[in-house]
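Here's the letter readout for the chains.
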Amino acid sequence: MVFEDSKQTRESSVNKILSEFPTILDFLETFGPLLCTETKQGEDKKEALLPLADILSVLPRLNARSYSISSSPNDDPSIVSITVGVVNVKTSAGVSIKGVCSNYLARIQPNEDFVSCGIRTSSFRGPPKLSSPVIMVGAGTGLAPMMGFLADRALELESCVDTDKAGKCLLYFGCRNTDDHIYNSTITKWNKSNVLEPNIAFSREPSTPKTYVQDLIEQSSKNICQLLLQPETCYYICGDARVADFCFEACVKALRAHGNMSRVAAVQHIKQMRAQNRWQYDLWGIIVHFNEAKYEFKVKKEAGAKNWLKSFT
């Protein structure tokens, strides 16, 4: 495989190769014969130059998959449920990719197959009390842990004498269309019983403008700002780290627009919520907070320049 000198061309070539051979198995199925040599017994007999055992020894082991629990032990301590999106996609070259664990889970049969699993403790916990205002954000299967929190909230409200003291609970959920709206009936039921106030974003719904959860947060920025400024409000987000970055920026904009804050003050307010365990996230991917990271880098660079100048005075 030969790449051109241009960085852009090299990246394009790499992306093309990865789209055609997304896994080592796809690569070996195509180029496996090139890794074999003819034996003395004739052309029909070939011997591998690189034994399969050697190939397997250099490949990384599959990591254990972690899923958020979407049930509440207070509702039924004998049941633990998870919410899994079965991955079946195609690359730009049309090569199918099937998620290893998600497809495995989709194939198993109740009361016949057994899964090796374990439960780990997590710091991602629901609000400490019913009176705490709550903002929950989840896209796709990122709704999973929120369902457990909401089940707890529903049980508390059922046994609560004065439900007026319950804090407001806003749920921002994003999916492609109504067919992907998981837990729709449960969320509708909870909405009718005042457990939550749902805000649903559809990104692929026909005849509907493309909307994401961060768009809904910006649309209700005044309400978001009022909640974020309350001393007991808890903010939860689960899902893709990129979505968390977009929602972080939407909350910063809300605090600046309606809380009379500078960007520095708004970010500091969110950092304080994080330190108080009132801003929690359960994410996959890397949290960038790009604008904030860019600002901090600028501050550090300016501070370094000032120290350098001081050395000459």
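Up top is the structure.
Residues numbered from 1 in each chain as written. Predicted model: local features only at pLDDT ≥ 70, side-chain atom pairs only at ≥ 80, totals over all residues. Heavy atoms only, no water.

1. Some remarks on the side chain of Ser203
In step 1: Structurally, Ser203 is set in the loop between β7 (197–202) and α7 (213–219).
In step 2: Judged by its relative accessible area of 11%, Ser203 falls in the buried class.
In step 3: Look past the residues within four positions of Ser203 in its chain and what remains in contact with it is Cys175, Arg176, Lys210, Thr211 and Tyr212. (Helix = DSSP H or I, 4+ residues; strand = E, 2+ residues; numbered from the N terminus. Buried < 20%, exposed > 50% of the residue type's maximum accessible area, 1.4 Å probe, protein only. Contact = heavy atoms within 4.5 Å.)

2. Describing the sheet that holds strand β5 (residues 134–139)
In step 1: Read across the open sheet, the 5 strands follow the order β7-β6-β5-β8-β9; overall the sheet is parallel. Both outer strands of the open sheet, β7 and β9 (279–284), are each paired with one neighbouring strand and no more. Mean inter-strand twist for the sheet, computed between neighbouring axes without regard to direction, equals 10 degrees.
In step 2: Where strand β8 (residues 234–240) and β9 come together, 6 bridges link them in parallel fashion. Bridged to Gly239 within β9 is Leu283.
In step 3: The strands touched by helix α10 (residues 263–275) are β8 and β9; relative to β9, the strand with the most contacts, the crossing angle is about 85 degrees. (Pairing = 2+ DSSP bridges. Axes fitted to C-alpha atoms, helices over the stretch in contact; angles between N-to-C directions.)

3. Some words on the nonpolar core
In step 1: In terms of nonpolar packing, the biggest core is built from 28 residues, with Val137, Tyr172, Ile224 and Tyr235 touching the most fellow members.
In step 2: Contributions of two or more residues to this core are made by β5, β6 (169–175), α7, α8 (221–228), β8, α9 (241–258) and α10.
In step 3: Among the elements that make up this core, the one with the highest residue count is α9 (9 residues).
In step 4: Listed in part, the 25 residues of the second largest apolar core include Phe124, Cys175, Cys234 and Cys238. (Core = buried A, V, L, I, M, F, W, Y, C linked by side-chain atoms within 4.5 Å.)

4. Some thoughts on the packing of aromatic side chains
In step 1: One pass over the full model with this rule turns up 8 aromatic pairs.
In step 2: Ring centres 3.7 Å apart and planes at 10 degrees place the aromatic pair Tyr235 and Trp279 in the stacked group. Taken as a pair, Tyr235 in strand β8 and Trp279 in strand β9 lie far apart in primary sequence, 44 residues in all.
In step 3: A residue is classified by how much of its surface remains accessible, and Tyr235, at 0% relative accessible area, is buried.
In step 4: The class for Trp279 is buried, based on a relative accessible area of 4%.
In step 5: Through a chain of ring-to-ring contacts, three or more aromatic side chains come together here, namely Phe21, Phe27 and Phe31. (Phe/Tyr/Trp six-rings, centres within 6.5 Å; stacked < 30°, edge-to-face > 60°.)

5. Quick look at unusual backbone geometry
In step 1: Not every positive phi belongs to a glycine, and Asn111 is a case in point at roughly 65 degrees.
In step 2: Even without being glycine, Asn277 reaches a positive phi, approximately 65 degrees.
In step 3: Tracing the chain through its elements places Asn277 in the loop between α10 and β9.
In step 4: For Asn277, a relative accessible area of 42% puts it in the partly exposed group.

6. Quick word on α10
In step 1: Given a rise of 1.5 Å per residue, 13 residues ought to cover 18 Å, and the 18 Å separating the end C-alpha atoms of α10 matches this to within 8%.
In step 2: Turning to α10, its buried residues number three or more, namely Arg263, Ala266, Val267, His269, Ile270 and Met273. End-on, the buried residues of α10 take up no more than an arc of 155 degrees, which puts them together on one face.
In step 3: Backbone geometry just downstream of α10 places Asn277 in the positive-phi region, at approximately 65 degrees. (Expected span 1.5 Å × (residues − 1). Arc of directions from axis to C-beta.)

7. What about a nonpolar patch on the surface?
In step 1: Residues Tyr67, Ile69, Val80, Ile82 and Ile119 make up a contiguous nonpolar surface patch of about 440 Å² in total accessible area.
In step 2: Mapping Ile69 onto the fold places it in the loop between α3 (52–58) and β3 (88–90). (Patch = residues over 30% accessible without salt bridge, like charges linked within 9 Å, V, L, I, M, F, W, Y side chains within 5 Å. Areas by Shrake-Rupley, 256 points an atom, 1.4 Å probe, with all protein chains shown as cover. Salt bridge = Lys/Arg side-chain N within 4 Å of Asp/Glu carboxyl O.)

8. Remarks on the environment of Asp245
In step 1: Inspection of the secondary structure assignment puts Asp245 in helix α9.
In step 2: For Asp245, a relative accessible area of 11% puts it in the buried group.
In step 3: In this structure the C-alpha to C-alpha distance between Asp245 and Gln214, which are 31 residues apart in sequence, comes to 9.3 Å.

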